[in-house]
Amino acid sequence: MTVARLKGKPSERALTGIRAIRDHLLKVEKELDDLPSLQPEEMAKAITNCDPDPEWRERILRGMTLVAMFDGEPSASALNLLEQTAKAFQVEANPVNTYRNVMEGRMLATRFDLMRRSFVRDAVAATMKAGGLPMFAATLKALSGVRDETVLKRFESLKHYPDESFGKAYSEFLDRNNFNYPGDTGGIPIPVFRHDCCHVLGGYGTTAAEEGAVIGFQAGFEGLDPFDVLMFAMAEFELGIGVSPFIPGEFGKLDPERMFAGIEHGSCVNTDLIRDIDPWDYFEEPLETVRTKFNIVKRGREPEYPAA
């Protein structure tokens with residue numbers, strides 16, 4: 001709230017983000033208007049008195065950075081507050097550096113910084129672990145726009161899997177979105193197919209708001225600091241930076257409430273669906289059986305897709 005009040009009355013966009021954190025992560029009943037604005041030194045003292053572990057100060061700094069990004073164009077006043085907070089908290093200023101790069105238009109530095117925190121890194125590592133050099137070669141082919149008949153044939157076989165199976169649901173997801181199959185020219189690179197499987201398993205669509213939500217879902221089950229992962233979603237769908245080479249950037253399309261609800265949804269999952277499973281091991285099973293196996297509860301809303 002200290003960040004949100006920097007420009008006077010907090011914007012509805014910033015308040016939506018703070019409410020979502022309150023309701024889906026903290027799960028406390030607290031009126032935002034009742035919360036005071038605090039100087040960084042006061043915040044540091046209060047947090048340390050509750051728990052001296054620097055993890056909490058790091059997370060709060062990341063949360064403040066997210067609120068600053070939700071609040072419109074980056075500003076010098078917000079940057080100054082974040083810098084003072086990092087100093088008072090005695091923690092690494094990585095989120096502040098990202099904010100500074102965005103404010104100063106250093107897009108290359110921002111892309112590099114956020115890409116290394118995103119799901120893409122873990123998806124590539126898991127793909128290489130599962131398939132070794134052949135998968136690495138297939139990924140390079142996809143990025144080069146070269147058709148890989150072997151990979152394409154394998155993925156297209158999913159069209160003939162039993163109805164209601166996970167594999168059939170994945171092929172229907174690709175068809176519904178007019179995505180080319182992995183291995184095809186212009187097809188989805190193999191590491192990204194793990195992300196798309198999370199869409200299917202979690203019940204998420206492919207609008208920008210839904211992409212932000214499924215990244216939240218992944219942050220929940222990956223067991224990482226969610227704020228670190230969500231900086232990637234902020235860049236892609238709130239700031240329009242386009243960090244990932246696979247997902248086009250969009251401006252102001254993130255739904256904060258949906259994103260943090262996704263984290264809550266993913267926190268129930270008992271397995272890292274990016275790093276610790278090979279979807280091919282489960283494609284033949286009924287989709288609902290796979291969801292039950294990994295404790296993926298019903299999301300509570302229908303997936304949304306872009307207009308044709």
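The model shown is predicted, which means the values in this text are computed figures rather than measured ones.

Novice: Which residues make up the side chain of Glu210, and what are the values?
Specialist: Its place among the elements puts Glu210 in helix α11 (residues 208-222). Here the side chain of Glu210 touches Arg299 through a polar contact of 2.6 Å, side chain to side chain. Polar side-chain contacts of Glu210 include one of 3.2 Å to the backbone nitrogen of Glu304. Not counting residues within four places of it along the chain, the set of residues in contact with Glu210 comprises Gly203, Tyr204, Gly205, Arg258, Arg299, Glu302, Pro303 and Glu304.

Novice: So what's going on with helix α8 (residues 149-156)? Which residues, and what values?
Specialist: Among all positions in α8, only Val151, Leu152 and Phe155 are buried. The buried residues of α8 occupy an angular sector of 100° when projected down its axis, which confines them to one face. Facing away from the buried surface of α8 by more than 90 degrees, the exposed residues are Glu149, Thr150 and Lys153. The backbone nitrogen of Thr150 lies 3.2 Å from a side-chain oxygen of the residue at the head of α8, namely Asp148.

Novice: Residues and numbers for the layout of surface pockets, please.
Specialist: When its volume is computed, the largest pocket comes out at roughly 1100 Å³. In this structure, the largest pocket is lined by 28 residues; those nearest its centre are Ile21, Leu26, Ile47, Ile60 and Met64. Elements that contribute at least two residues to the lining of the largest pocket include exactly α1 (12-26), α2 (40-50), α3 (54-70) and α12 (226-237). Grouping the amino acids of the lining of the largest pocket by side-chain chemistry returns 22 nonpolar, 2 polar and 4 charged.

Novice: Describe unusual backbone geometry, naming the residues involved and giving the relevant values.
Specialist: The backbone phi angle of Glu164 is positive, close to 75°, even though this residue is not glycine. Relative to the helices and strands, Glu164 is located in the loop between α8 and α9 (166-176).

Novice: Pulling in residues and values, what's your account of the side chain of Asp196?
Specialist: Here Asp196 lies in helix α10 (residues 190-202). One buried charge, Asp196, has no salt-bridge partner; the nearest side chain with opposite charge is Arg194, at 12 Å.

Novice: Could you give an account of the packing of α2 against helix α4 (residues 76-89), with specific residues and numbers?
Specialist: The geometry of α2 relative to α4 is characterised by a closest axis approach of 8 Å and an angle of 40° between their N-to-C directions. The angle between α2 and α4 places the two elements in the oblique class. As α2 packs across α4, the resulting crossing turns out to be right-handed. Judged by residue contacts, Pro40, Glu41, Met43, Ala44 and Ile47 of α2 engage Leu81, Gln84, Thr85, Ala88 and Phe89 from α4. Considering only residue class, the contact of α2 with α4 consists of 7 nonpolar, 2 polar and 1 charged.

Novice: Tell me about empty space enclosed by the protein, and please be specific about residues and values.
Specialist: To locate leftover empty space, one rolls a probe as large as a water molecule over the atoms. Within the structure shown, the criterion is met by 3 cavities of 30 Å³ or more. As for the largest cavity, its lining consists of Val3, Leu6, Lys7, Ala68, Asp71, Glu73, Ser75, Ser77, Ala78 and Tyr99. Its residues assigned to classes, the lining of the largest cavity comprises 5 nonpolar, 2 polar and 3 charged.

Novice: Describe the state of the cysteines, and please don't skip the residues or the numbers.
Specialist: If you walk through the whole model with that rule in mind, you get 0 disulfides. Cysteine Cys197 is unpaired, with the sulfur of Cys198 as its nearest cysteine sulfur at 7.1 Å.

Novice: Explain the packing of α2 against α3 to me, and be specific about the residues and the numbers.
Specialist: Closest axis-to-axis distance for the α2/α3 pair is 10 Å, and the angle between their directions is 135°. One element, α2, and the other, α3, form an angle in the oblique class. For the pair α2 and α3, the sense of crossing is right-handed. Side by side, α2 and α3 meet where Met43, Ile47 and Thr48 of the first sit next to Trp56, Arg57, Ile60 and Met64 of the second. Split by residue class, the contact of α2 with α3 holds 5 nonpolar, 1 polar and 1 charged.

Novice: I'd like a description of the packing of aromatic side chains, backed by residues and values.
Specialist: Across all of its chains, the model carries 12 aromatic pairs by this definition. Taken together, a centroid distance of 6.0 Å and an interplanar angle of 70° make the contact between Phe173 and Phe179 edge-to-face. Residue class for Phe179 comes out partly exposed when judged on its relative accessible area of 29%. The structure contains a cluster of three or more aromatic residues connected by ring pairs, namely Phe155, Phe166, Tyr170, Phe193, Trp280 and Phe283. Here the guanidinium or amino end of Arg154 rests over the ring plane of Trp280, the centre of that ring lying 3.9 Å away.

Parameters and conventions
- Residues numbered from 1 in each chain as written.
- Predicted model: local features only at pLDDT ≥ 70, side-chain atom pairs only at ≥ 80, totals over all residues.
- Heavy atoms only, no water.
- Helix = DSSP H or I, 4+ residues; strand = E, 2+ residues; numbered from the N terminus.
- Polar contact = N/O pair within 3.5 Å; in protein donor to acceptor, adjacent residues only side chain to side chain.
- Contact = heavy atoms within 4.5 Å.
- Buried < 20%, exposed > 50% of the residue type's maximum accessible area, 1.4 Å probe, protein only.
- Arc of directions from axis to C-beta.
- 1 Å grid on protein atoms, 1.4 Å probe; cavity = no way out; pocket = protein on both sides within 12 Å on 5 of 7 lines; lining within 4 Å.
- Points joined across faces, edges and corners; volume = space filled by probe spheres on them.
- Nonpolar A, V, L, I, M, F, W, Y, C, P; charged D, E, K, R; others polar.
- Lys, Arg positive; Asp, Glu negative; His and termini not counted.
- Salt bridge = Lys/Arg side-chain N within 4 Å of Asp/Glu carboxyl O.
- Axes fitted to C-alpha atoms, helices over the stretch in contact; angles between N-to-C directions.
- Parallel < 35°, antiparallel > 145°, perpendicular 65-115°, else oblique.
- Left-handed = near helix turned anticlockwise from the far one by under 90°.
- Disulfide = S-S within 2.5 Å.
- Phe/Tyr/Trp six-rings, centres within 6.5 Å; stacked < 30°, edge-to-face > 60°.
- Lys NZ or Arg CZ within 6 Å of the ring centre and 35° of its normal.

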